[in-house]
Amino acid sequence: MTDAPRATVDPFAVTVRGIGEPHPVRAALRATGPIVQADAPAGGPVWIITDDALAREALVHPHIVKDPAYAPAHWDPRTAGLEPTAASQPSLTTFDGPAHTRLRRAHAPLFTARRMQDYAERITMFARDQLTELAATGETVDLMADFTTRFPLTVVCDVLGVPLDRIDQAITACRGMHSTNPQEVGAAMAAFGQLAAAALSDGRPGLAAELRERVPDELTEAQLHYLIFTLIYAGQLTTDPSLGFLLAHVFDADGAPAEETTIEEFVREMLRRHAPAPFSLWRFTSADIDLAGVRLPARSPVLVDIQGINTHPGRSIGPDLTFGAGPHYCTGAQLAQLELGAVVAVVRADFPDARLAVPLSELQQTDLGGIQGSRLTALPVNLRG
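Residues numbered from 1 in each chain as written. Predicted model: local features only at pLDDT ≥ 70, side-chain atom pairs only at ≥ 80, totals over all residues. Heavy atoms only, no water.

Draft legend 1. Structural context of the pattern of salt bridges. Going through the model one piece at a time under the given rule, you end up with 17 salt bridges. For the salt bridge of Asp39 with Arg6, the shortest nitrogen-to-oxygen distance reads 2.7 Å. Here the residue Asp39 occupies a position in strand β2 (residues 35-39), and Arg6 occupies one in the segment before β1 (15-18), the gap between them amounting to 33 residues. A salt bridge links Arg150 to Asp146; the nearest nitrogen and oxygen atoms lie 2.7 Å apart. Classification of Arg150 by relative accessible area gives partly exposed; the value is 24%. Judged by relative accessible area, Asp146 falls into the partly exposed class, the value being 29%. In the salt-bridge network here, residues are joined through shared partners; they are Arg115, Asp118 and Glu210. (Salt bridge = Lys/Arg side-chain N within 4 Å of Asp/Glu carboxyl O. Helix = DSSP H or I, 4+ residues; strand = E, 2+ residues; numbered from the N terminus. Buried < 20%, exposed > 50% of the residue type's maximum accessible area, 1.4 Å probe, protein only.)

Listed below in structure tokens is the structure:
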């Protein structure tokens, strides 16, 4: 067994670059090896997988787990951005094995393509109404300022059954989660609890009420609220930046999708090129393991370089890793693609003359650091053309 080669670049640095510029470290990581050692933001080493086949092996490995209880003992959970341990808070994103299977069976039937189609008309209505209201101002609008946050939150709240007069509260809560002030994060979590309680109030239609009937009986009401929080927050955190990149290309006069390209194909291509999550969520080894000839001690943090693998020029044609692979494949994948596609359809039908207010090449994206993705700094658009 050998040690993984060390990265000569910082994969977690905050950077600002043009929308079309490749990430400055992706090629360097891949050139270093299929599994690379780097410095983790919370301290100590992290092993980053850059090879497609090895990534898929790791994503189903029985000793590479999601439970933060296996994180390095010295990590500060807040610095690392860790969820509570699986023992303290059941979650799809921290459970593994039979416990994960049981909880996923409660969620998965609610988010199938067929179930999501039940909401297609309402999702299209939300996109049309919000864009029409912005167009009525007759001014250049920055869609990253509010629309890319408000639209996905409106969708996920409506699907879950959160009253739509709570959307501003949801926006504030999502933004509060990015604060470095623990009190502000605590206030955001309290607001999410209120949103979950509102969705679960007697007689409210929506998937939150259905989820309550499907989860294991031993879950408390507070634990159910946390599950609903993860659905709301993840629904905004990932779809918001994806919507920005998608719309930038839709509104670019020279780069809009060709008529023969289906909306579904265009959405998938944009998600591949601009993965909403550049890395997988944190995983940890639950025992000493050997991976691609590299020895990883127990409690080693492991990441998959989704963005690098997706955009590798030599990647074979096949499923990308945008929504992951294996038992933790993203439950909300169908909803995310449906709402992104709905926005493209509305723009094509209702705003055919809308254009970027600046050349596409002038748009900038910020890499937020850690395992967070990139987001456009602004998206100025003339919706009236």
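Draft legend 2. Quick look at the packing of helix α6 (residues 120-135) against helix α14 (residues 333-350). Between α6 and α14, whose axes approach to 9 Å, the crossing angle comes to 50 degrees. It follows that α6 is oblique to α14 by the angle criterion. Every pair of crossing elements has a handedness; the one defined by α6 and α14 is right-handed. In contact with Ala120, Ile123, Thr124, Ala127, Arg128 and Leu131 of α6, α14 contributes Leu335, Leu338, Glu339, Ala342, Val343, Val346, Val347 and Asp350. For the contact of α6 with α14, the residue count by class is 10 nonpolar, 1 polar and 3 charged. (Axes fitted to C-alpha atoms, helices over the stretch in contact; angles between N-to-C directions. Parallel < 35°, antiparallel > 145°, perpendicular 65-115°, else oblique. Left-handed = near helix turned anticlockwise from the far one by under 90°. Contact = heavy atoms within 4.5 Å. Nonpolar A, V, L, I, M, F, W, Y, C, P; charged D, E, K, R; others polar.)

Draft legend 3. Structural detail: the side chain of Gln130. Counting through the fold element by element, Gln130 comes out in helix α6. Excluding residues that lie within four positions of it along the chain, Gln130 makes contacts with Phe147, Arg150, Phe151 and Thr154.

Draft legend 4. A look at the sheet that holds β1. Strand order in the open sheet made by the 3 strands is β1-β11-β12, with antiparallel pairing throughout. Since the sheet does not close on itself, it has two edges, and those belong to β1 and β12 (374-376), each with one partner. Put simply, the sheet's adjacent strands are angled 30 degrees from each other on average, direction ignored. Pairing of strand β11 (residues 364-367) with β12 involves 3 bridges; the strand directions are antiparallel. Along β12, the bridge assignment pairs Asp367 with Ser374. (Pairing = 2+ DSSP bridges.)

Draft legend 5. Structural context of helix α9 (residues 182-199). Given a rise of 1.5 Å per residue, 18 residues ought to cover 26 Å, and the 26 Å separating the end C-alpha atoms of α9 matches this to within 8%. Among all positions of α9, only Ala188, Ala191, Phe192, Leu195, Ala196, Ala198 and Ala199 are buried. Along the axis of α9, the buried residues cluster in a sector spanning 160 degrees; they form a single face. In this structure, the buried residues of α9 make contact with α7 (147-160), α8 (167-176), α10 (207-214) and α11 (221-250). Where α9 begins, the capping side chain belongs to Asn181, and its oxygen is found 2.8 Å from the backbone nitrogen of Gln183. (Expected span 1.5 Å × (residues − 1). Arc of directions from axis to C-beta. Polar contact = N/O pair within 3.5 Å; in protein donor to acceptor, adjacent residues only side chain to side chain.)

Draft legend 6. Here's a closer look at unusual backbone geometry. Here the phi dihedral of Ala292 falls at roughly 55 degrees; this positive angle occurs in a residue that is not glycine. Looking at the element boundaries, Ala292 is found in the loop between β7 (289-291) and β8 (294-296).

Draft legend 7. Summary view of the environment of Ala31. Within the fold, Ala31 resides in helix α1 (residues 26-32). A sequence separation of 24 residues divides Ala31 from Ala7, and the C-alpha atoms of the two residues are 9.5 Å apart.

Draft legend 8. Highlighting the packing of aromatic side chains. Across all of its chains, the model carries 9 aromatic pairs by this definition. Centre to centre, the rings of Phe12 and Phe279 are 5.6 Å apart; their planes meet at 45 degrees, and the pair counts as tilted. Of this pair, Phe12 sits in the segment before β1 while Phe279 sits in the loop between α12 (263-273) and β6 (283-285), placing them 267 residues apart in sequence. We note that Phe12, like Phe279, is buried. Through a chain of ring-to-ring contacts, the aromatic side chains of Phe192, Tyr226, Phe229 and Tyr233 assemble into a single cluster. (Phe/Tyr/Trp six-rings, centres within 6.5 Å; stacked < 30°, edge-to-face > 60°.)

Draft legend 9. Focus on the packing of α11 against α12. Viewed as axis vectors pointing N to C, α11 and α12 meet at an angle of 120 degrees, and their least axial separation amounts to 10 Å. Considering the angle they form, α11 stands oblique to α12. By crossing handedness, the relation of α11 to α12 is classed as right-handed. Packed against α11, whose contacting residues are Ser242, Phe245, Leu246, His249 and Val250, the element α12 presents Phe266, Val267, Met270, Leu271 and Arg273 at the interface. When the residues that make up the contact of α11 with α12 are grouped by side-chain class, the tally is 7 nonpolar, 2 polar and 1 charged.

Draft legend 10. Region of interest: the environment of Arg115. Residue placement: Arg115 occurs in helix α5 (residues 113-117). Judged by its relative accessible area of 21%, Arg115 is partly exposed. Ignoring sequence-local partners within four residues, the contact set of Arg115 consists of Pro109, Leu110, Leu207 and Glu210.

Draft legend 11. Molecular detail of the sheet that holds β6. Across the sheet, 5 strands lie side by side as β2-β3-β9-β6-β4; this open sheet has mixed pairing. One side of each edge strand has no neighbouring strand; the edge strands of this open sheet are β2 and β4 (64-65). Here β4 runs beside β6; their pairing, made up of 2 bridges, is antiparallel. Within the sheet, the bridge partner assigned to Val65 lies in β6 and is Phe284.

Draft legend 12. Structural view of the pairing of strand β3 (residues 45-49). Of all 5 residues in β3, 4 are buried, a share of seventy percent or more. Alignment of β2 against β3, held across 5 bridges, turns out to be antiparallel. Residue pairing across strands places Ala38 opposite Val46, the latter belonging to β3. In textbook terms, the turn of a hairpin is the stretch between consecutive antiparallel strands, and for β2 and β3 this stretch comprises 5 residues, one of which, Gly43, has a positive phi near 105 degrees. Sheet topology note: the β3/strand β9 (residues 301-304) ladder contains 3 bridges and is parallel. Residue pairing across strands places Ile48 opposite Leu303, the latter belonging to β9.

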